[in-house]
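Listed below are the residues making up each chain.
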Amino acid sequence: QVQLVESGGGLVQAGGSLRLSCAASGSISEILTMGWYRQAPGKQRELVATMLNGVVPNYTDSVKGRFTISRDNTKKTVYLQMNSLKPEDTAVYYCYAKLREVGIPRWDDCWGQGTQVTVSS
């Protein structure tokens, strides 16, 4: 059973910083992509940042220059450093991974349970 476990969410004032972490565990053969999505109340889930293994990361325009995604492949972990946070960044942040499990010849999309990020004005 593959799991993605997030940590690091919380409440912060506008202009502040938070760092999210997400660790993948289980019988994992390979991880292709890891990243972060978010969903604000009443809105659809949207991509925040993703990182294909060994490739330049991809960010949504609204976070460019403020957020930084990084991966530690040895730990099967992805991070999201969020600086200069704004109230509009308030959302539940979900970790995402496209991976293969040992003995299963297909790529699966996996999601974490989500972590709340609240930015006060």
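The structure this text deals with has already been given above.
Quick notes on the rules
- Residues numbered from 1 in each chain as written.
- Predicted model: local features only at pLDDT ≥ 70, side-chain atom pairs only at ≥ 80, totals over all residues.
- Heavy atoms only, no water.
- Salt bridge = Lys/Arg side-chain N within 4 Å of Asp/Glu carboxyl O.
- Buried < 20%, exposed > 50% of the residue type's maximum accessible area, 1.4 Å probe, protein only.
- Core = buried A, V, L, I, M, F, W, Y, C linked by side-chain atoms within 4.5 Å.
- Helix = DSSP H or I, 4+ residues; strand = E, 2+ residues; numbered from the N terminus.
- Contact = heavy atoms within 4.5 Å.
- Patch = residues over 30% accessible without salt bridge, like charges linked within 9 Å, V, L, I, M, F, W, Y side chains within 5 Å.
- Areas by Shrake-Rupley, 256 points an atom, 1.4 Å probe, with all protein chains shown as cover.
- Pairing = 2+ DSSP bridges.
- Axes fitted to C-alpha atoms, helices over the stretch in contact; angles between N-to-C directions.

A. Representation of the pattern of salt bridges. For the structure on display, the rule yields seven salt bridges. Ionic pairing is found between R38 and E46, a salt bridge with its closest N-O pair at 2.7 Å. Using a relative accessible area of 32% as the deciding quantity, one classes E46 as partly exposed. D61 is paired through a salt bridge with K64; the nearest N and O atoms lie 3.0 Å apart. Put simply, R38, E46, R66 and D89 are held in one network by salt bridges that share partners.

B. Structural context of the nonpolar core. Of all hydrophobic cores here, the largest spans 31 residues; its most connected members are W36, V48, F67, I69, L80, M82 and Y93. Looking at this core, the elements that each hand over two or more residues are β3 (18-25), β4 (28-39), β5 (46-52), β7 (67-72), β8 (77-82), β9 (91-101) and β11 (115-120). By residue number, the principal contributor to this core is β9, which donates five residues. Those residues in contact with F67, other than ones at most four positions away along the chain, are R38, V48, Y59, L80, Q81, M82, N83, L85, D89 and Y93.

C. Expanded view of a nonpolar patch on the surface. A cluster of nonpolar side chains, namely L52, V55 and V56, defines an oily patch on the protein surface of about 260 Å² accessible area. With respect to the helices and strands, the residue L52 is situated in strand β5. A residue is classified by how much of its surface remains accessible, and L52, at 36% relative accessible area, is partly exposed.

D. Up close: unusual backbone geometry. Here K76, not a glycine, exhibits a phi torsion of approximately 50°, which is positive. Mapped onto the elements, K76 comes out in the loop between β7 and β8. Given a relative accessible area of 29%, K76 falls into the partly exposed group. Positive phi, normally seen in glycine, also occurs at S84, with a value near 50°. Positionally, S84 belongs in the loop between β8 and β9. Note on S84: relative accessible area 41%, which makes it partly exposed.

E. Local environment of the sheet that holds β3. The sheet built from four strands is open, its strands ordered β1-β3-β8-β7 with antiparallel pairing. In this open sheet, the two strands that pair with only one neighbour each are β1 (3-7) and β7. On average, each strand axis in the sheet is tilted by 15° relative to the strand beside it, whichever way the strands run. Bridging between β7 and β8 involves six bridges; their strand directions are antiparallel. Directly across from T68, in β8, lies its bridge partner Q81.

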